[in-house]
Amino acid sequence: MLIVSILFIVYLLAVNFYAFMLVKNLKDKDDGGEESKGYDSKLAFAGLLGGAIAVYVCMLIYKYKQTNVLLMLLLPLLSVLHVFLCAVLLRYGIVYARI
């Protein structure tokens, strides 16, 4: 049970770190003059994996793609869903694993 909890926490930290670095690198590319079209799907996928809070906060901090309505609506919804799922998993013993 402890191993599952540790793996879950490490997974969430890794996904959020990846999401943070993704937004930072895309912002640096955008400032460098390179066009970053087509990266909305990468941001949405990182949010879907569990990094929605990190992507949304970094987008607000770096002021990156704030005019994209899809991301500005999808990421808060995914954040609420992830927080709810984490609360349910922690409440019921992470995937009902009771030994």
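Refer to the structure printed above.
Notes on the structure follow. Bear in mind that the values here come from a model prediction, so they are computed numbers and not experimental data.

### Some remarks on the pattern of salt bridges
No. 1: Enumeration according to the criterion identifies 1 salt bridge in this entry.
No. 2: For K24, the salt bridge identified is with D28, shortest N-O distance 3.4 Å. Here D28 and K24 lie together in helix 1 (residues 2–31), a separation of 4 residues that amounts to about one turn.
No. 3: Looking at K24, the relative accessible area reads 28%, which means it is partly exposed.

### Some remarks on the nonpolar core
No. 1: One finds V23, L26, L43, V55, M59, L71 and L75 to be the most contacted residues of the largest nonpolar core, which totals 18 residues.
No. 2: Only helix 1, helix 2 (40–62) and helix 3 (69–91) provide two or more residues apiece to this core.
No. 3: Of all the elements, helix 2 adds the most residues to this core, at 8 residues.
No. 4: Those residues within four positions of L26 in sequence are excluded, and the remaining contacts are Y39, L43 and Y64.

### Here we look at the layout of surface pockets
No. 1: Each pocket or cavity is described by its volume, and for the largest pocket that value is around 280 Å³.
No. 2: Only helix 1, helix 2 and helix 3 provide two or more residues apiece to the lining of the largest pocket.
No. 3: Class assignment of the residues belonging to the lining of the largest pocket gives a composition of 11 nonpolar, 3 polar and no charged.

### Topic: the side chain of K27
No. 1: Relative to the helices and strands, K27 resides in helix 1.
No. 2: The exposure class of K27 is buried, given its relative accessible area of 16%.
No. 3: Not counting chain neighbours up to four residues away, the residues in contact with K27 comprise Y62, K63 and Y64.

### Focus on the packing of helix 2 against helix 3
No. 1: The geometry of helix 2 relative to helix 3 is characterised by a closest axis approach of 8 Å and an angle of 95° between their N-to-C directions. The pairing of helix 2 with helix 3 is recorded here as roughly perpendicular in orientation. Listed contacts from helix 3 to D40, L43, A44, G47, L48, G50, A52, I53, V55, Y56, M59 and L60 of helix 2 are L71, M72, L74, L75, P76, L78, S79, H82 and V83.
No. 2: Residue composition of the contact of helix 2 with helix 3, by class: 16 nonpolar, 4 polar and 1 charged.

Basis of the calculations
- Residues numbered from 1 in each chain as written.
- Predicted model: local features only at pLDDT ≥ 70, side-chain atom pairs only at ≥ 80, totals over all residues.
- Heavy atoms only, no water.
- Salt bridge = Lys/Arg side-chain N within 4 Å of Asp/Glu carboxyl O.
- Helix = DSSP H or I, 4+ residues; strand = E, 2+ residues; numbered from the N terminus.
- Buried < 20%, exposed > 50% of the residue type's maximum accessible area, 1.4 Å probe, protein only.
- Core = buried A, V, L, I, M, F, W, Y, C linked by side-chain atoms within 4.5 Å.
- Contact = heavy atoms within 4.5 Å.
- 1 Å grid on protein atoms, 1.4 Å probe; cavity = no way out; pocket = protein on both sides within 12 Å on 5 of 7 lines; lining within 4 Å.
- Points joined across faces, edges and corners; volume = space filled by probe spheres on them.
- Nonpolar A, V, L, I, M, F, W, Y, C, P; charged D, E, K, R; others polar.
- Axes fitted to C-alpha atoms, helices over the stretch in contact; angles between N-to-C directions.
- Parallel < 35°, antiparallel > 145°, perpendicular 65-115°, else oblique.

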